[in-house]
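Here are the chains, one letter per residue:
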Amino acid sequence: MLHLLLIAFALLCGLLMTRLMSRFRLPDVTAYLVAGVLIGPCCLGALGLGFTSFEQVEGMGLITDVALGFIAFAIGHEFRLSSLKKTGRQAIIIGILQAVIATLFVDAALIALHFLRPDLISIPAALTLGAIAAATAPAATLMVVRQYKAKGAVTDVLLPVVALDDVVGLVVFAVSFGAAQAMTNGSTQLSVLLVQPLLEIVASLLLGGIVALILTFLERFFNSNRNRNALVIMAVLTAVAVAQCSFPIGRFTVAFSPLLVCMMLGTVFCNFCPLSEELMDIADKWSAPVLTLFFVLSGAALQLDVFANLAVVAVGVLYILFRSVGKILGARWSAGLAKSDPMVRRYLGITLLPQAGVALGMCATAAKGLGADGAFVRNIVLFGVLIYEIVGPSLAKMALTKAGDIQEKSKDVLNRREAKLSAVTKPMPKRHHGR
């Protein structure tokens, strides 16, 4: 019963916060995150109102896993071949280069800091943070695009780039973290450390493709969209569940990335199923409350005590600054190389700043493999996520608005409730009956 009450309370707080934030023209994602922070263990939870411990928040992990599955599935759906004929080349060039450039910027800044103040940060920690800098949070970006129904040159490139960004981020992390751990533990395990993440990427893509082909085959046996929608939900839940498994092969462990599995599921499904777009619209409506809960829980999971450590704050500010510059300049330079629209060159980089799920997964891996350096890396990433997730969606909205991809809501949309009420309460015209 307590879990259900907490879920209901989290939903209510998230929705009420959107009404407050709308007065400041802030996106719903920011409202959900702020609501989560307020009812989390660091604020009202400490007074017994909301989530009283981080263990309670982690107990809602099933909701988080399912939400991430639907987010990745929706982003994978953007890899429709008919659309990629226009933006595919741009997305590949920008997706790879901006991630690598962001990594190089952070690496350069933090390695320079190491030589100036070796007591603040080590080389392995600097390399690992540089790799984590490549990752972008697809969830926040997708929610901003959906909320404001963004359409245009920047949005067309943005969603494929965000999807590709996580793949590139995992590869960069494989190389950098492998080198970092080799410095810490010796070089004998370097080949294993480099191959393991690459094996995860390949296995995840294969699993997602297989589930998608099974879904496409089963879909033809159902005629109603209601049953087809249930089938889509079943496929995403299956992909998320199977992606939690792992098994050993020799010196390696075959594990899966739920994000990559569900992205591949959405990509293959949208290209093989003729009704995929219609079914995606239905799935989006079904999953909306789950996504709201996901962001409220993400806010509740943010640990504000990272601000208490001045070293973390100092390195964290440097990390945020150079990652932001790397993302913005990297997107601008790579968009110029791809001969993209001027609006893409100018505004795409700002929309790539949010960072959360994949980065947190990477820092969890670092925390296990780098000892004291790993704990330091985790705190820096938590600091960055806290700032990026609260500020990032607003910056993404601002960039998409300036690019012309977000249009102001019409008066008809804003006043549709009043229009419905007036239509219902409007008196019926009197009928005159002849004798």
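Quick caveat: nothing in here was measured; it's all calculated off a predicted structure.

A. Quick peek at the overall build of the protein chain. Check the secondary structure of the protein chain and you find 18 helices and two strands. In the protein chain, buried positions account for 51% of the 435 residues. Nonlocal contacts in the protein chain, meaning residues at least 24 apart in sequence, comprise 79% of its contacts between residues at least 6 apart. Within the structure as shown, the protein chain displays about 20800 Å² of accessible surface, and the carbon and sulfur contribution to it stands at 67%.

B. Here's a closer look at the packing of helix α1 (residues 2-22) against helix α2 (residues 28-39). For the pair α1 and α2, the least separation of the axes is 8 Å and the interaxial angle reads 125°. By the angle between their directions, the pair α1 and α2 is classed as oblique. Crossing handedness for the pair α1 and α2: right-handed. On α2, the residues touching Phe9, Ala10, Cys13, Gly14, Leu15, Met17, Thr18 and Met21 of α1 are Asp28, Ala31, Tyr32, Val34, Ala35, Leu38 and Ile39.

C. Main features of the pairing of strand β2 (residues 252-255). Two elements, strand β1 (residues 246-249) and β2, share four bridges in a ladder whose sense is antiparallel. Paired with phenylalanine 247 across the bridge in β2 is valine 254. Counted between consecutive antiparallel strands, the loop separating β1 from β2 contains two residues, among which glycine 250 sits at a positive phi close to 65°.

D. Just the packing of aromatic side chains, in detail. Counted according to the given criterion, the structure contains four aromatic pairs. Ring centres of phenylalanine 217 and phenylalanine 221 lie 5.3 Å apart, and the angle between their planes is 75°; on these two criteria the pair is classed as edge-to-face. Ring plane angle 75° and centroid distance 5.0 Å describe the contact between phenylalanine 294 and phenylalanine 295, whose orientation is recorded as edge-to-face. Accessibility expressed as a relative area gives 7% for phenylalanine 294, which makes it buried. Exposure remark for phenylalanine 295: the relative accessible area of 0% places this residue in the buried category. Positioned above the aromatic ring of tyrosine 388 is the side chain of arginine 323, whose terminal nitrogen or guanidinium carbon lies 4.6 Å from the ring centre.

E. Representation of the environment of leucine 33. Inspection of the secondary structure puts leucine 33 in helix α2. The spacing of leucine 33 and isoleucine 390 is 357 residues in sequence and 6.6 Å in space, taken between C-alpha atoms. Leaving out residues up to four positions away in the same chain, leucine 33 has contacts with Phe295, Ser298, Gly299, Glu389 and Ile390.

Reading the values: the criteria
Residues numbered from 1 in each chain as written. Predicted model: local features only at pLDDT ≥ 70, side-chain atom pairs only at ≥ 80, totals over all residues. Heavy atoms only, no water. Helix = DSSP H or I, 4+ residues; strand = E, 2+ residues; numbered from the N terminus. Buried < 20%, exposed > 50% of the residue type's maximum accessible area, 1.4 Å probe, protein only. Contact = heavy atoms within 4.5 Å. Areas by Shrake-Rupley, 256 points an atom, 1.4 Å probe, with all protein chains shown as cover. Axes fitted to C-alpha atoms, helices over the stretch in contact; angles between N-to-C directions. Parallel < 35°, antiparallel > 145°, perpendicular 65-115°, else oblique. Left-handed = near helix turned anticlockwise from the far one by under 90°. Pairing = 2+ DSSP bridges. Phe/Tyr/Trp six-rings, centres within 6.5 Å; stacked < 30°, edge-to-face > 60°. Lys NZ or Arg CZ within 6 Å of the ring centre and 35° of its normal.

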